[in-house]
Amino acid sequence: MEGFLAYEVRAEDMEPGCLLRIRGEGSNRDRFIRPQVRHYITAAGLTIAVESED
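J.: Before we move on, can you summarise the pairing of strand β2 (residues 17-24) with the specific residues and values?
T.: Here strand β1 (residues 7-14) pairs with β2 via eight bridges, running antiparallel. What sits directly across from Ala11, in β2, is Leu20. The hairpin turn running from β1 into β2, its antiparallel successor, is two residues long.

Printed below as a string of structure tokens:
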């Protein structure tokens, strides 16, 4: 992805996993945030158990 994209990530420890909340800043490129974060998580060998459409 080229250029800059501002977004906020919040992590909450929840047994037995972690809840990540990711929010864009209202850019027309916000739709690219979720796939990119998904890529980083799976590349690190982690698993996404549930994903919300919110």
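J.: Could you give an account of the pattern of salt bridges, naming the residues involved and the relevant values?
T.: Scanning the entire structure with this criterion turns up five salt bridges. Residue Glu8 is joined to Arg10 by a salt bridge in which the shortest nitrogen-to-oxygen separation is 2.5 Å. With its nearest N and O atoms 3.3 Å apart, the salt bridge here joins Arg34 to Glu51. Separated by 17 residues along the polypeptide, Arg34 in helix α1 (residues 33-43) and Glu51 in the segment after α1 bring together distant segments of the chain. Judged by relative accessible area, which is 35%, Glu51 ranks as partly exposed. Ionic contacts of the salt-bridge type, sharing partners, join the residues Glu8, Arg10 and Arg23 into one network.

Calculation criteria
Here, residues in each chain are numbered from 1, in the same order as that chain's written sequence. Per-residue local features are limited, in this predicted model, to residues with pLDDT of at least 70; the limit for side-chain atom pairs, both in listing and counting, is 80 or more; totals at the level of whole chains, interfaces and linings are taken over all residues. Processing note: side-chain calculations cover all non-hydrogen atoms of the structure and skip hydrogens and water entirely. Pairing between strands is defined by DSSP: at least two bridges between them are needed. Helix and strand definitions here come from DSSP, where helices need a minimum of 4 consecutive H or I residues and strands a minimum of 2 consecutive E residues; each element is numbered from the N-terminal end. When a carboxyl oxygen of Asp or Glu is within 4 Å of a side-chain nitrogen of Lys or Arg, the pair counts as a salt bridge. For each residue, the accessible area found with a 1.4 Å probe, counting protein chains only, is set against the maximum for its type, and the residue is called buried under 20%, exposed over 50%, and partly exposed in between.

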